[in-house]
Amino acid sequence: MKKPSLLLEMAARRQTPVLLIVSLWVLFRGHNHPGGGFIGGLLAAGGLGFYSLTYGPKATRRYMRIDPIRLIGIGCLTALGAGLMGWLGGLPFLTGIWTDLPLIGKVGTPLLFDIGVYLTVIGAAVSMLHAFEEA
Amino acid sequence: MLELLAGAQFAAMIVLLIAAFITFIRLAKGPKLADRVAALDLLAVIFIGMMLLHTISTGEQVYLDAVMVLAMISFIGTIGFARYIIHERERS
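Because the structure is a prediction, the values reported are computed rather than measured.

A.B. asks: So what's going on with the overall build of chain A? Which residues, and what values?
C.D. replies: Each helix and strand in chain A was counted, giving 5 helices and 2 strands. Tracing chain A from N to C terminus, the helices and strands come up as α-α-α-α-β-β-α. Projected onto its principal axes, the C-alpha coordinates of chain A cover approximately 60 × 30 × 20 Å. For chain A, the proportion of its 135 residues judged to be buried stands at 39%. Looking at chain A as shown, the accessible area adds up to about 8,000 Å², and 70% of this sits on carbon and sulfur atoms.

A.B. asks: Give a description of the overall build of chain B that names residues and reports values.
C.D. replies: When helices and strands are tallied, chain B shows 3 helices and 0 strands. Going residue by residue from the N terminus, the α and β elements of chain B occur as α-α-α. Computed over C-alpha atoms, the radius of gyration of chain B comes to 17 Å, more than 25% over the 12 Å expected from 2.2 N^0.38 for 92 residues, which places it beyond the range of a compact globule. By its C-alpha atoms, chain B is 60 × 25 × 15 Å across when sized along the principal axes. For chain B, the proportion of its 92 residues judged to be buried stands at 24%. For chain B, restricting intrachain contacts to residue pairs at least 6 apart in sequence, the fraction spanning at least 24 positions comes to 48%.

A.B. asks: So what's going on with the pattern of salt bridges? Residues and values would help.
C.D. replies: In the structure shown here, the tally under the stated rule is 5 salt bridges over all chains. The salt bridge involving Glu9 of chain A is made with Arg13 of chain A; its shortest N-O contact spans 3.7 Å. Of the two residues, Glu9 of chain A and Arg13 of chain A are both situated in helix 1 (residues 6-28); the distance of 4 residues between them amounts to about one turn of the helix. Since its relative accessible area comes to 41%, Arg13 of chain A is described here as partly exposed. Two residues, Arg29 of chain A and Asp65 of chain B, come together in a salt bridge whose shortest N-O distance is 2.8 Å. Of this pair, Arg29 of chain A sits in the loop between helix 1 and helix 2 (37-55) while Asp65 of chain B sits in helix 3 (residues 62-91), on two different chains. In this structure, Arg29 of chain A and Asp65 of chain B share a single accessibility class: buried.

A.B. asks: Outline the interface of chain A and chain B, supporting the account with residue identities and numerical values.
C.D. replies: Tallying the contact residues gives 16 residues for chain A and 12 residues for chain B. Contact between chain A and chain B buries roughly 1,200 Å² in total, counting both sides, with carbon and sulfur atoms accounting for 76%. By the criterion of area lost to chain B, the three top residues of chain A are Leu43, Phe50 and Leu53 of chain A, representing 34% of everything that side buries. Counting across the interface, chain A meets chain B through 2 salt bridges.

A.B. asks: Give a detailed account of the nonpolar core, specifying residues and quantitative values.
C.D. replies: Core analysis: the largest hydrophobic core is formed by 12 residues, namely Leu8, Ala12, Leu19, Val22, Val26, Leu43, Phe50 and Leu53 of chain A together with Val69, Met72, Ile76 and Ile79 of chain B. Contributions of two or more residues to this core are made by helix 1 and helix 2 of chain A together with helix 3 of chain B. In terms of residue count, the dominant contributor to this core is helix 1 of chain A (5 residues).

About the criteria used
- Residues numbered from 1 in each chain as written.
- Chains lettered and ligands numbered in written order.
- Predicted model: local features only at pLDDT ≥ 70, side-chain atom pairs only at ≥ 80, totals over all residues.
- Heavy atoms only, no water.
- Helix = DSSP H or I, 4+ residues; strand = E, 2+ residues; numbered from the N terminus.
- Buried < 20%, exposed > 50% of the residue type's maximum accessible area, 1.4 Å probe, protein only.
- Areas by Shrake-Rupley, 256 points an atom, 1.4 Å probe, with all protein chains shown as cover.
- Rg over C-alpha atoms; globule rule 2.2 N^0.38 Å.
- Contact = heavy atoms within 4.5 Å.
- Salt bridge = Lys/Arg side-chain N within 4 Å of Asp/Glu carboxyl O.
- Buried area = accessible area lost by both parts, 1.4 Å probe.
- Core = buried A, V, L, I, M, F, W, Y, C linked by side-chain atoms within 4.5 Å.

Written out as structure tokens, the structure reads:
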């Protein structure tokens, strides 16, 4: 692959972490405000896509430290686990269970489900982008 | 004072609408792909301005987040198009 322009290289190195942090913020505020797992995942995939447009798919996989296809499975299993938690407690499948943690606030299985959606969307979008780039 | 602000919003919205219309003409006519890509990038900026005006007139702060995200994301598509144009040029 040809060497990318210096401007693009510098911008990608700074912009991708910013987009990942914004995606996490969108993910965690998603229950009561606009946002949530899907939008957060798309934002993170946008940042990683910018990185892979600049440095190529191989460098992006090294940056992520995990194969994006593997992220799809991990995300689906996380969402399934969030659903099973209520089911194992005798409640209907996907019942939301909330607990109050000190310092953090209310967390529960809907947050876990959102994190699962987030990981799945990142994995799917980034692996599709890489398939396009390597074709 | 409030009337002045409302009038300024109205005028700014009309100016942005005219800008969007002219940009659409360039998007439809654009002799080359690069012109169309530049028009799309400019359209994103114009829509960001429209959303900001809407935020001012309604006071809904939710749109500000959308504006921020759109401003951070919209240039990635332009970079993708630019890479596509370079690829095509190298192939031919």
